[in-house]
Each structure stands twice: as C-alpha cells, then as structure tokens.
There are 2 protein chains.
Amino acid sequence: MNKKMIRIKDIAKLAGVSVGTVDRVIHKRGKVSEKAREKVESVLQEIDYTPNLLAKTLGSNKVYTIALLVPHPGQDPYWKLSMTGLDIAQKEWRPYHMELQPYFFELENAKSFTAAAQQLLKDSPDAVVSAPIFLHEAVDFFKQLDQLSIPYVHFNTMISEVSPLSFIGQDSYQSGRLGASLLHLLTKDQTGSPAILHIRESVQHSVHFREKERGFRDFFGAMSPSQTVTAITIEGNDMDTFEEKLIRGIKKHDIKGLFIPTSSGAKLTANALEKNGLQHISIVGYDLLKENIDLLKNDKINFLIHQNPSRQLFRGIHHLANHLLFKKSAPSKELFPLEVITAENVDSYLEAVLH
Amino acid sequence: MNKKMIRIKDIAKLAGVSVGTVDRVIHKRGKVSEKAREKVESVLQEIDYTPNLLAKTLGSNKVYTIALLVPHPGQDPYWKLSMTGLDIAQKEWRPYHMELQPYFFELENAKSFTAAAQQLLKDSPDAVVSAPIFLHEAVDFFKQLDQLSIPYVHFNTMISEVSPLSFIGQDSYQSGRLGASLLHLLTKDQTGSPAILHIRESVQHSVHFREKERGFRDFFGAMSPSQTVTAITIEGNDMDTFEEKLIRGIKKHDIKGLFIPTSSGAKLTANALEKNGLQHISIVGYDLLKENIDLLKNDKINFLIHQNPSRQLFRGIHHLANHLLFKKSAPSKELFPLEVITAENVDSYLEAVLH
DNA sequence: GTGAAAGCGCTAACAA
DNA sequence: TTGTTAGCGCTTTCAC
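Residues numbered from 1 in each chain as written. Chains lettered and ligands numbered in written order. Predicted model: local features only at pLDDT ≥ 70, side-chain atom pairs only at ≥ 80, totals over all residues. Heavy atoms only, no water.

Asks: Describe the nonpolar core, with residues and values.
Replies: One finds A:Ile66, A:Phe141, B:Ile66 and B:Phe141 to be the most contacted residues of the largest nonpolar core, which totals 106 residues. Contacts of A:Ile66, omitting those with residues within four sequence positions, involve A:Met98, A:Glu99, A:Leu100, A:Gln101, A:Ala127, A:Val129, A:Ile317, A:Leu320, A:Ala321 and A:Leu324. Residues A:Ile260, B:Ile247, B:Ile255 and B:Ala272 belong to the second largest nonpolar core, which totals 56 residues. (Core = buried A, V, L, I, M, F, W, Y, C linked by side-chain atoms within 4.5 Å. Buried < 20%, exposed > 50% of the residue type's maximum accessible area, 1.4 Å probe, protein only. Contact = heavy atoms within 4.5 Å.)

Structure representation (structure tokens):
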C-alpha cells in the first residue's frame, strides 16, 4: 500500500556520488566538478524526483511571523468581515509554526496608521499583509519594508507606488460595469436616470471609487449613449442631512436606480427611500454585511456585489506563508471573481466555507 | 527572528519522564502509569503545545494514492472543466507524496463505470473521489469500498444510499429557485410562461434535475400562484428533431423564458431560437463552457449558473489528502455558493485562480 | 511501564 | 571538490 519514493540517497547511489554532492547539484550551491555534475544530472533526467517538502522544512526549525496591518474590525462592518479570513488562516497555518499578528488602525485616522506601522516595524515580522488605505503614509511604510527586505502583499486597495509581492482584490473598473449592468437590467423599462452614490467616508479610498464610477459610466455610455448618468455625492455624516440631501438629489435628477459602492451605504439609502415612499427605486450595493443581507431578503436591495474581504486576507496570508516556508512564488496579482448576490443565492454564500 | 517552539522533548524534561512516555500520553497508546500520566498532563495544561505536523508526517514514510472515478473528459465539456481541478490538486499535493490516479468511464455507459470501478479496486488506492452518476452500479461499488474501509468522497451528485466521508456540490433545489428568480427578473414584464427544459441526456442524473425543477416551480408558485410553469422534455439526441420539438413546445405553451439545467443544452437552444426568430426568449443556463461564455457575451444567453466542477473535484481531493496525511476531519457536506454569471463578470471568473 | 535509540529525507557543518 | 555526519521533531521498536 505504501510505495517508496525516490530520495536523494537513491540518486547518490545511482550516480555514484554522495548525498552532499547531489544536494549541491540540485541547489546549485557550493563547488561541484563538471564530471560529478553531469553524472547527477543524467540520473535526474532519467528518474522523476520530487523533494520531500516535509523533510526540507523540518530542517529549518523556525517560527515565522506574518504581521497584518488592517483597519480596526470594531469600527467598520466591512473590515470586521475580513477578520474571519484571519481566523481560518490561523487554524490552517498554526501547525506549520506560522504566527499571525494583527495590528489595527483607525479608518478615519491617518496618524493611527502610522503608529500601528511603527509598532509593527519594532516587532520585525518576517512578512506583512496590509490594506494600504492611507496612500501617503502607506508608501513611506512600504518603502521601509523594501529596505528591510521584508516581503509584503496588499489586498483590497491597489496602489501603484510600491511593488508588493502580490496584490489581491478585484478589478474595480469591471466591478462598476457589473453594477451598471445589473442596474440596467432592473430599470431598463423605466424612464429616469441611473446614479452612482458616493458617501463621504468613501473619499479615502478614492482610487477604488473613481474606477467604479468610470466603469459604471462606461457601461451606460456604450449601452445607450443618450442615457444620462448621475453621480450623487453626499458629504458629512449627519444622518438627518444625509436623508434630506439624498432625496433632494433623487428628485432633482429623476433617479430610477442607485449603485452604491460603499458597503454600509445601502442600508442608509434603503431606509431613507422607504421613509419617503420611494421603494420603487432599485439598489445595487456591496458586500455581505448583516444588514445588507436582511435588506436583500426583504427585497429592499436588489443585488449585492461580493468582494469577499475575508478570502482576500486569507489568500494574502496564504501566499506569504508559502513564500516563507516553501519558497513558492506568488502571482503578482490575484483578481477575485465579481460575485453577484441575490435573495436566492445569498444563503449559499453564507453556508459556504471560505471559498 | 526565529522563536523556538515547545517540543515533546521539552515536555518530557518538565515532567521528568522520557519522550516515549509523553508520546504515549498524548496519543493514548501503550501503557502508562497513573503517576506518569498525571505529571505529563499537568505540564500539558500549563504550556501551549502544538505538535509539528511536518515531523509527524515525515515519520511515516508512505506515498498515498487517491483514485478518481469520473466521466471521461473527452466526451463531455462539463466534465472536461472539472479536470483542471485535478491538475491543480496534483501540483499542490505532489510534494507531500500524494498520488492522484484517474479512472474514466463513459457517460452513457453504465458498463464502463463498472469496468473502471473494477480496475480501480484492483489497484487498491488509499482513498477515492467520485461522481456517483450511475446510481445502481455506484451503490454496489461504494459498499465494497466501505467493506475495505477505503474512505471516499462524492462530488457533483448526491446519493443517499451510502455514506461518503464528504459530499461536495451545490444545493440543487436552491439552484432551481435561483434560476427561476433570474428568469423572472428577465421576463417579469412579459406575458407567457417560463419553462424548464430537460434534454434527454439529463435523465441519468435524475435526482439533480428533479430537484432543480422542484425549486424552479416553487419559486414561481410563491411569487405568483397564477403563473403557469411549463416543463419541456426532449427525448432523443437527433439534432433536427430537437429543434423541431423545441419550437413546437415553445409555441404551444407560449414560452417567454427557458431555464436549462444541462450545461450543453443552452447552445443547442440558443441556436434553434435564433434560426426561428425567437431571440427575444430569455435563457438561463449552466456552467462556463466555452460556447456558453461566447453566447453570454453575445447576449444570446442572459445568465449562467456556475457549478464550479473543477473546484468541486479539487476540494474533494483536498479533504481526502488531509484525512490521509494529517488525520484532519472533513465536513460531511460542503455546499458551494450558487454563482451567478453575466456578460460583465464572466471574465473575472475566467481570470481567477481556482477559487 | 518506561527509557533509549534508530530512522523518516533533507540541510548544513565539518573533515578529508 | 568531495564524503560523512549530526541534527530537525516525531514515531516506533526494542530492551530492561
């Protein structure tokens, strides 16, 4: 039942050299005579050798630490979602002696980002995964990591100023197009204008949102050039003025459907619409927040686009762990599918293991 | 940078016993005196010991073989898709000396299933992952595996007659509901009847399709009880008669939209509709076959539901490999999300790594 | 019941 | 330039 695998020792015997020499040939390290190299290489050609990763890793007996630099989960439901990715990664990698250490910063506070980053650097982890929310401060930080040659991956937000080992996230432009197409499907028989709704908090991840808007506009532009497309931007986070400003915008532009890139924006909007008897206006929102799921099931929101933040984090850790432990290379970019969520498939997403 | 982990040796020293005794206590094997057991257990309480899986696995030096019993990929595009799951699993598990051995059978030929199963049994693998297409023959086979205590997982098709370690797939009933909801969205402003289309080949996986039909009907039943729902079944696989029968069915029942659970059925149907000037009829199909993707992008199909057969297979292998290698337990059921594919998000699915 | 020791495949240090 | 050997942490065997 248990077949034997080829070992370095076997190769050594076949080539008539020692294991040390075989090791040197395989890893191109140290000095090897031409003759010996040829013998070993010809044996390697013949047989099908794959090294035993377990034994390989067992040799170097360290514990690696991967640091996470992410927004505080207590402050924002979207980032809270991402944390299940940490839990699952923790379970998966613990047996390989990979330690995961989160450092939290506040979403609206660039200083707290810097502080968390400083603390992180002091603890000198072996690798870092981060959502580079604050562009300016982030760039400084990642340049420091570059200098220390600490590998890092980015997720959620793509920035072009530095070069992470890997970026994990979605194509924002295409995400905007998708949102537009869904809104179009919902409202194509109605008169009026589709709109993208920006809410103040959004501004910080501006690249993100600008790209979504571009995709959103492009879709309608290609579909029906005569169709006007509106962007409503609401500044300030006072609830009462939010509602008032929103309704004013809707009436002014005769809005028939709203595309809302901020995950927590859909709830505010749905409530405001209901209060004002405007339930006929369609909503396409983002992410599987508890409130969004409820609204979806109650038909107050029509579609959600799922960004799967937990899996983004999970995959980021995955790539770094493989990089550290097994020297496996990571893709420079891992784009996630743009997942369409409706009342009828949302449960299947909730039940599914991290996928 | 590299912290040390607690080893069995450390525990032994703390408890004042030998590593052998610690091992016996941890794994409850062999004889240990009450006194020794207590000492070791009290140390274990104090400290946070996690065994080194690498070393553990290295100890038992075998190669495991996982056999796959699946439809021949050359005969059916859906099953061909699933094979990328094999490739990726192969890459992932090869370093752990896990061998994957496929055995193919023909989709329309129960005898070939039995033959492949016999061959598989002769090779006595350590585990089996299979799509139990032919109910009757499959049950016999899996009962044999039970007797040999060879663990197995099922994917794609759920059968209740035997108890696999794990089932991997989707909720067919909910999948039918989802299809219905999408079709409803597409056609809600039109008169006529929505229909589910069964094509002859479908019959073999009958449970699957019956469940989808039930979900499909239930959705419309709850949505608008007065709405008639049609089922069109087309027997025989002669192309000409297919078109004729289909068009006849559509006209007779005044069909406004079609839900087509067979992955290759959407193409046949879209072509027939186009030939007959019935392009206004909506189509919701299944799976990311090349032809389906083209039709989706050309607006001949409106939605696809993605079953992700490659990942189903991949996860099946994953669970078995973890079971064999690390004694990790697998969930008895892993339900995949019901993924909605449109012209605007299909590329994001194609680019994504197996997810 | 218990401890000592060999061995899993690979790496790295040390001799030759 | 090569071969030999001592580990890595855990399992398993063997002797006491």
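There's more to say after this.
Asks: Let's hear about the interface of chain A and chain B: which residues, and what values?
Replies: If you look at the interface, chain A gives 54 residues, while chain B gives 54 residues. Across the chain A to chain B interface the summed buried area is about 5,100 Å²; carbon plus sulfur atoms make up 58%. Inspection of the region where chain A meets chain B yields 4 salt bridges. Note that B:Arg94 is salt-bridged to A:Asp48, the shortest N-O span being 2.7 Å. The interface formed by chain A and chain B includes 10 residue pairs in polar contact (both at pLDDT 80 or more). Of all the secondary-structure elements, those providing two or more residues to the side of chain A that touches chain B are helix H4 (53–59), helix H8 (172–187), helix H13 (309–326), strand S11 (333–335), strand S12 (339–341) and helix H14 (346–351) of chain A. With 6 residues, the single largest contributor to the side of chain A that touches chain B is H8(A). (Buried area = accessible area lost by both parts, 1.4 Å probe. Salt bridge = Lys/Arg side-chain N within 4 Å of Asp/Glu carboxyl O. Polar contact = N/O pair within 3.5 Å; in protein donor to acceptor, adjacent residues only side chain to side chain. Helix = DSSP H or I, 4+ residues; strand = E, 2+ residues; numbered from the N terminus.)

Asks: Can you explain the packing of H8(A) against helix H9 (residues 206–223) of chain A? Please cite residues and give values.
Replies: Residues and elements named next belong to chain A. Across the interface, H8 lies against H9 with an axial gap of 6 Å and an inter-helix angle of 45°. Between H8 and H9, the angle is such that the two are oblique. The crossing of H8 and H9 is right-handed. Each of Ser172, Tyr173, Ser175, Gly176, Arg177, Gly179, Ala180, Ser181, Leu183 and His184 in H8 lies in contact with H9, whose residues at this interface are His208, Glu211, Lys212, Arg214, Gly215, Phe216, Asp218, Phe219, Phe220 and Met223. Considering only residue class, the contact of H8 with H9 consists of 7 nonpolar, 8 polar and 5 charged. (Axes fitted to C-alpha atoms, helices over the stretch in contact; angles between N-to-C directions. Parallel < 35°, antiparallel > 145°, perpendicular 65-115°, else oblique. Left-handed = near helix turned anticlockwise from the far one by under 90°. Nonpolar A, V, L, I, M, F, W, Y, C, P; charged D, E, K, R; others polar.)

Asks: I'd like to hear about unusual backbone geometry, residue by residue, with values.
Replies: Unlike most non-glycine residues, A:Ser124 shows phi in positive territory, near 30°. With respect to the helices and strands, the residue A:Ser124 is situated in the loop between helix H6 (110–122) and strand S3 (127–130). Using a relative accessible area of 34% as the deciding quantity, one classes A:Ser124 as partly exposed. A positive phi angle, close to 75°, is found at B:Asn156, a residue other than glycine. On the secondary structure map, B:Asn156 appears in the loop between strand S4 (152–155) and strand S5 (166–169). Under the relative-accessibility criterion, B:Asn156 is labelled buried at 8%.

Asks: Help me get a handle on the environment of A:Phe219, residues and values and all.
Replies: Its place among the elements puts A:Phe219 in helix H9. In this structure A:Phe219 touches A:Arg177, A:Ala180, A:Ser181, A:His184 and B:Glu344, once residues within four positions along its chain are discounted.

Asks: Tell me about the environment of A:His306, and please be specific about residues and values.
Replies: Residues and elements named next belong to chain A. On the secondary structure map, His306 appears in strand S10 (residues 303–306). When the C-alpha atoms of His306 and Gln170 are compared, they prove to be 9.9 Å apart, with 136 residues separating the residues in sequence. The contacts of His306, once residues within four sequence positions are left out, are Gln170, Asp287, Leu288, Pro337, Glu339, Ile341 and Tyr349. Looking at His306, its side chain comes within polar contact range of the main-chain nitrogen of Asn308, at 3.2 Å.

Asks: Residues and numbers for the domain arrangement of chain A, please.
Replies: Interfaces are frequently sized by the accessible area removed from exposure as the parts join. Assigned domains of chain A: these are domain 1 (3–51), domain 2 (64–169 + 309–335) and domain 3 (172–306). On a C-alpha basis, the centroid separation for the pair domain 1 of chain A and domain 2 of chain A is 39 Å. (Domains from an automatic or database assignment.)

Asks: Summarise the pattern of salt bridges; cite the residues concerned and give the values.
Replies: Pairing of side chains with opposite charge becomes possible as their charged atoms draw close. All chains considered together, the criterion is met by 24 salt bridges over all chains. The salt bridge partner of A:Lys297 is A:Asp347, with a shortest N-O separation of 2.8 Å. Highlighted residues: A:Lys297 in helix H12 (residues 290–297) and A:Asp347 in helix H14, separated in sequence by 50 residues. Since its relative accessible area comes to 42%, A:Lys297 is described here as partly exposed. Accessibility expressed as a relative area gives 32% for A:Asp347, which makes it partly exposed. The partner of B:Glu243 in a salt bridge is B:Lys275, with the nearest N and O atoms 3.1 Å apart. On the criterion of sequence distance, the pair formed by B:Glu243 in helix H10 (residues 239–253) and B:Lys275 in helix H11 (residues 265–275) is long-range, its members being 32 residues apart.

Asks: Which residues make up the pairing of strand S6 (residues 193–199) of chain B, and what values go with them?
Replies: Residue and element names in this part refer to chain B. Here S6 lies mainly inside the structure; 7 of its 7 residues are buried. Residue alternation in S6 divides its side chains into two sets, Ser193, Ala195, Leu197 and Ile199 and Pro194, Ile196 and His198, and both sets are buried. Relative to strand S8 (residues 255–259), S6 is paired through 4 bridges, and the arrangement is parallel. Bridge pairing in S8 links Ile196 to Phe259. Relative to strand S7 (residues 230–234), S6 runs parallel, the two sharing 5 bridges. Bridge assignment links Ile199 to a residue of S7, and that residue is Ile234. (Pairing = 2+ DSSP bridges.)

Asks: Give a detailed account of the sheet that holds strand S1 (residues 64–71) of chain A, specifying residues and quantitative values.
Replies: Residue and element names in this part refer to chain A. Ordered in space as S2-S1-S3-S4-S5-S11, the 6 strands form an open sheet in which the pairing is parallel. Only two strands of the sheet have a single neighbouring strand rather than two, namely strand S2 (98–105) and S11. When the angles between neighbouring strand axes are averaged without regard to direction, this sheet yields 15°. Of the strand pairs in this sheet, strand S5 (residues 166–169) and S11 are connected by 3 bridges, and their pairing is parallel. Its bridge partner lying in S11, Gly169 is registered against Leu335. Those strands touched by H6 are S1, S2 and S3, and its axis lies near 155° from that of S2. Together, S1, S3 and strand S4 (152–155) form the strand contacts of helix H7 (residues 135–147), whose direction differs from that of S4 by roughly 155°.

Asks: So what's going on with the relation of the copies chain A and chain B? Which residues, and what values?
Replies: Placing chain A over chain B gives an RMSD of 0.2 Å and needs a rotation angle of 180°, together with 0.1 Å of translation along the axis. Those values place the two copies in the arrangement expected of a two-fold rotation axis. Relative to the rotation axis, the closest C-alpha in chain A is found at A:Leu54, a distance of 2.5 Å. (Least-squares fit on C-alpha atoms with pLDDT ≥ 70 in both.)

Asks: Kindly report on the side chain of A:His319, identifying the contributing residues and their values.
Replies: Residue and element names in this part refer to chain A. Inspection of the secondary structure assignment puts His319 in helix H13. When its relative accessible area of 6% is taken as the criterion, His319 is described as buried. Those residues within four positions of His319 in sequence are excluded, and the remaining contacts are Ser166, Ile168, Ala330, Pro331 and Glu334.

Asks: Tell me about the packing of helix H1 (residues 8–15) of chain A against helix H3 (residues 34–46) of chain A, residues and numbers included.
Replies: Residues and elements named next belong to chain A. Packing of H1 against H3 leaves a shortest axis separation of 9 Å and a crossing angle of 120°. For the element pair H1 / H3, the angle class is oblique. Relative to H3, H1 is oriented so that their crossing is right-handed. In contact with Ile11, Leu14 and Ala15 of H1, H3 contributes Lys39, Val40, Val43 and Leu44.

Asks: Explain the environment of A:Lys267 to me, using residue names and the numbers behind them.
Replies: Residues and elements named next belong to chain A. One can find Lys267 in helix H11 (residues 265–275). Take Lys267: its relative accessible area is 36%, and that puts it in the partly exposed class. In the structure, Lys267 is positioned 109 residues away from Met158 in sequence and 26 Å away in space, judged by C-alpha atoms. Once you skip the residues sitting within four places of it in the chain, Lys267 turns out to touch Glu291, Asn292 and Leu295.

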